[in-house]
Amino acid sequence: MPPVEDSEPQSPGQWLVAFAVLGLAAFFLSPYVDLFTVISFDGPWHLRCGQLIVESGTVPRVDPICFTTAGTDWINLNWLAQASLYRLYLGFGYAGPLALALLGLSLTAGLTGFQMRARKVLPALGLPLFLLAIFSALTWHSIRPRTFSYALVAGLALVLAWEPQDEDAPRFGWQRGLLIFGMMAFWNQIHGGFVYGYAILGCDALGSLIDSWRRGEPIFGLRVRWLTGVVIASLATFAFHPHGLGALEHVAFYSQAVGAERAFISELVALDISTVAGRCTELTLVLVVVALLVRRGAVKARELLPILLFLHMSFAYTRFVAILTLLAAPWVAVQLSDWIRELGAAEEPSRLLGWLAKVNRWLSLTWRLVIPSVVGVGAIGIVVLLTVLAEPNPPSRFTSMLKPMEGFGPAARFLSERDPNTRIFNSLNSGGILSWVLAPGQTFMDGRGDLHSDEALADYLRILSLRVGWKKTLDERRVEIVFLPATEALPPMLHQVYKWQVLYNDQRYCILRRPPSDPLPPQ
């Protein structure tokens, strides 16, 4: 099959195809993406954490936000991202954090696409697999620090996959080692997703050992030695982390720290194949198997092992799906492109290969434009956010750009305007925004699953489900306000039986206050 050259003249038909494909992609993706509003449950509490860091000048070691975890040791893995998000909030309102998140998303897409282009992926394969690669990162887009980890995964994959053009140049040198070290040192401070980076580097080193053994070369080659040194040097930078090696230990035992709350955090539960994330994983698995079948002898273990690891982890924890697709989709595209080229070179072109060559030719312009288009849209979005939509020193934390899912925004605004300064029993999903708009120490729980104890979660479920002893637990926790969906059983029970006052009810969320007739027990 003849290669598709970027320098080939483009016909009006190719421009028409390019505009049609890009337009359809934008149309179908738009319902899944919201680039200009804060909608995630956890985004607001990241801003609150950033506020605590910026205003105190230090990273808190114990939790001041939820009263159920007051005084509990708190290892904050996202401190640098949170401080950056809050400083941008001070300068631009919600537009600042949203612009930073959009920068992370644009880098993720740009680096992934650049890797695929640099490795000569055919357009007919590159377009759909590029979309698969970034789909989860795109649809899970938010101001949460994990956005930085997606960009760093894409960058690390590009650096590791790069091959020098000069055959006499070393396959792995100090420049690449220094670049990886800088990425990992930064990653250590900005997000707990640094564990992704160390997993990728470890699998690459192990795979390089296997590849060298298969070729009959010394197994501790230049690449393995450099990667080992980079990992050791990167781990040493935890000496500069506010929590030291405790941050690394916390990540290593993260599942134990989350405990029973894992069942209530959607991204930590086992993968459900019927969901969009499940379908992406299923498709990725099929494509990886196909690539292995057609490229058996040419597959490098150092590229395959990270994919297999994150494939396994994706079935155990849904959050790993975005990392899996960022690694697997470009690799599959490269393998299948090379296989098709081998078929075209070894045989008389079949009718299928001839048809595929025509498709590649028609899509060549689209493939050239897709990465600049995605990055360009991101750049325009950042400019719009930081100019048109910016609101320096916002007078209120409730603006049109704060639209939390589940519709509890109006109820949260009502409560914040009355500044209750008391303990609140809140739904788990609403804890993030309440922690952000209310003074610290009032919320029951929020999305920090690695902080809340199993005891606090047991009390939460006992009260919410009206299990035996629920009223005693509510009183012992000294709760004076309940903030819950109107469909829960607790609000009508408190109102009808214990005469709690209904302060707010919009049929989605309701707020109730403890009356004098139902006093708290003496301390």
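Just so it is clear, the structure is predicted and the values come from calculations on it, not from any experiment.

**A look at helix α3 (residues 79-92)**
The end-to-end C-alpha distance of α3 is 20 Å, a good match for the 20 Å that 14 residues give at a rise of 1.5 Å each. When α3 is considered as a whole, its buried residues turn out to be W79, A81, Q82, A83, L85, Y86 and Y89. Each element contacted by the buried residues of α3 is listed here: α2 (43-56), α4 (95-118), α6 (146-161), α7 (174-190) and α17 (431-437). Where α3 terminates, the next one or two residues include G93, which has phi positive at roughly 70°.

**As for unusual backbone geometry**
For K120, which is not glycine, the phi torsion reads 60° and is therefore positive. Classification of K120 as exposed rests on a relative accessible area of 57%. Positive phi values are uncommon outside glycine, yet R478 reaches one of about 55°.

**Comments concerning the pairing of strand β2 (residues 481-485)**
Judged by how many residues are buried, β2 sits mostly within the fold: five of five residues are covered. Where strand β1 (residues 424-426) and β2 come together, three bridges link them in parallel fashion. For N426, the partnering residue across the bridge sits in β2 and is F483. Both β2 and strand β4 (residues 509-513) contribute to a ladder of five bridges, which runs antiparallel. Each residue of the ladder has a partner; that of P485, found in β4, is Y509.

**Topic: the sheet that holds β1**
Overall, mixed pairing links the four strands, which are arranged β1-β2-β4-β3 in an open sheet. Only two strands of the sheet have a single partner each, and these edge strands are β1 and β3 (501-505). Put simply, the sheet's adjacent strands are angled 15° from each other on average, direction ignored.

**Examining the packing of aromatic side chains**
By the definition in use, this model includes 22 aromatic pairs. Here a set of aromatic residues connected by ring pairs shows up, and it is made of F41, F408, F483 and Y509. Over the aromatic face of W436 sits the side chain of R397, whose NZ or CZ is 3.7 Å from the ring centroid. Directly above the ring of Y498 sits K471, whose terminal nitrogen or CZ lies 4.9 Å from the centroid.

Parameters and conventions
- Residues numbered from 1 in each chain as written.
- Predicted model: local features only at pLDDT ≥ 70, side-chain atom pairs only at ≥ 80, totals over all residues.
- Heavy atoms only, no water.
- Helix = DSSP H or I, 4+ residues; strand = E, 2+ residues; numbered from the N terminus.
- Expected span 1.5 Å × (residues − 1).
- Buried < 20%, exposed > 50% of the residue type's maximum accessible area, 1.4 Å probe, protein only.
- Contact = heavy atoms within 4.5 Å.
- Pairing = 2+ DSSP bridges.
- Axes fitted to C-alpha atoms, helices over the stretch in contact; angles between N-to-C directions.
- Phe/Tyr/Trp six-rings, centres within 6.5 Å; stacked < 30°, edge-to-face > 60°.
- Lys NZ or Arg CZ within 6 Å of the ring centre and 35° of its normal.

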